[in-house]
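The chain contents come next:
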Amino acid sequence: MRLNQKIGLILVAALAVAFLILSWLVDARLRSGIDAASRDQLRDAAQLVVHGIGRQAFSDSLADRLAAGTAIRVTLIGRDGTVLGDSEVPAQRLPSVENHADRPEVRSALAGREGVASRPSQTVSLKLLYLALPHPLGVVRVSRSTGEQTSIVARTRGILAVGALLTLLLVFGLSRLVTNMLARALGGIRETAEAITAGDLSRRSRSTEPGELGALSRSIDDMADRIETVVADFRRAKADLDALFESLEDGLAVLDDQQVVLRANRAFKEIVGRGDIEGERLTSLFRSAEVRRESEKIGKMTPDEYKAAAVLVLLIVLWVTLSSRFGMGGPVLLCLVLLNVLGVLRWRDINRIHWDVVALYAAASAMGY
């Protein structure tokens, strides 16, 4: 989920919660105010009814006259709880109306106190607010429907809901506008930071945004400038060190803790006689270099050396096959003659041989044989 969507959802959720809390508070306060106002109106009406009764006896016709022209229901109740008159009930039905002595507001009035109650009426099938006052003849009770109060609360809820919806739409639109601006600014900063992290030190955001985001963007650009300068200085210093390292006449190599060559200059490579020595152990390089130098001193085999090698192989073959018939010396003399014939061994070379030593080894060989 993108940043602007998250911020928009948070704002919408916050406003929804605020609307629910406000609706609950307004509903409770409005109901409390309406109930108090209704009780005050009923109290005034009840007092007028008590004053209008005077010394007249309770009757249904009296209840009808007192309630005429008003939205108030007047009920006259005897001290035993019998309904003697009701402006909403015809006189012929009064005997069937149940006794009201157990009604809460009537009990309070019979005890000499003001009684108030709110409940559905079993007589007229409406929810009514009742207020009863004590009277020498019994109880004077007035009531009115709570439907008007309920409709006022419902209308208020509707107004609040419409206002909340319009507010949500307005705030959501403004939040999308603001968050889109923030997202564009943060997106440029993020792309610049990612490019610098990937090695593109020339990348800059060049943001002209005001406020904190603009300051952050410019700080990142300044940091990139300093990093680029430091890296450029480091590269120049490295190039100078590389040139100095290669120009040294003495052989120089960089080794790790396992004596493996990490880097070597030109002079060192000339000493070991190889160019690709990185990654090899130092001891193996010098061992192979010594062998190479000795082999270079010996040089390649000459034609005479090839001929001598062939005669030596022939001598060994003759020893293996003919030594039983001619002995060890016969094949040797034959090979000496053959070396003379091939030009490998000359008479002057024979004169330089210490024949006494040869005779000694020949005698020892003959005795051993």
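Residues numbered from 1 in each chain as written. Predicted model: local features only at pLDDT ≥ 70, side-chain atom pairs only at ≥ 80, totals over all residues. Heavy atoms only, no water.

Let's talk about the pattern of salt bridges
Evaluated as defined, the whole model comprises eight salt bridges. Note that Glu114 and Arg43 form a salt bridge whose closest N and O atoms lie 2.8 Å from each other. Of the two residues, Glu114 is situated in the loop between helix H3 (104-110) and strand E3 (115-120) and Arg43 in helix H1 (residues 3-53); the sequence distance between them amounts to 71 residues. Salt bridges sharing partners connect three or more residues here, namely Asp40, Arg43 and Glu114. (Salt bridge = Lys/Arg side-chain N within 4 Å of Asp/Glu carboxyl O. Helix = DSSP H or I, 4+ residues; strand = E, 2+ residues; numbered from the N terminus.)

Looking at the sheet that holds strand E4 (residues 127-135)
Within a sheet, each strand pairs with its neighbour through backbone hydrogen bonds, oriented either parallel or antiparallel. Spatially, E2-E1-E5-E4-E3 is the arrangement adopted by the five strands of the open sheet, whose pairing is antiparallel. Lying at the two open borders of the sheet, with one neighbouring strand each, are strand E2 (83-86) and E3. With direction set aside, neighbouring strand axes in the sheet form an average angle of 20°. The sheet contact formed by strand E1 (residues 73-78) and E2 spans three bridges and is antiparallel. By the bridge assignment for E2, Thr75 is matched with Asp86. Most of the contacts of helix H2 (residues 60-67) go to E2, to which it runs at about 35°, and overall it touches E1 and E2. (Pairing = 2+ DSSP bridges. Axes fitted to C-alpha atoms, helices over the stretch in contact; angles between N-to-C directions. Contact = heavy atoms within 4.5 Å.)

Some thoughts on the environment of Gly85
With respect to the helices, strands and loops of the structure, Gly85 is situated in strand E2. Sequence separation of Gly85 and Val140 is 55 residues, and the distance between their C-alpha atoms is 9.9 Å. Ignoring anything within four residues of it in the chain, the contact list for Gly85 reads Ser59, Asp60, Ala63, Val74, Thr75, Leu76 and Leu94.

With respect to the nonpolar core
Counting 17 residues, the largest nonpolar core has Ile53, Val74, Leu76 and Val142 as its most contacted members. Elements represented by at least two residues in this core include exactly H1, H2, E1, E4 and strand E5 (138-145). The biggest single contributor to this core is H1, with five residues. The contact partners of Ile53, leaving out residues within four places of it in the chain, are Phe58, Leu62, Leu66, Leu76, His135 and Val140. Membership of the second largest hydrophobic core comes to eight residues, among which are Leu318, Cys335, Leu339 and Ile350. (Core = buried A, V, L, I, M, F, W, Y, C linked by side-chain atoms within 4.5 Å. Buried < 20%, exposed > 50% of the residue type's maximum accessible area, 1.4 Å probe, protein only.)

Notes on the side chain of Ser108
By secondary structure assignment, the location of Ser108 is in helix H3. Sequence-distant contacts of Ser108, defined by excluding residues within four places in its chain, comprise Arg113, Glu114 and Gly115.

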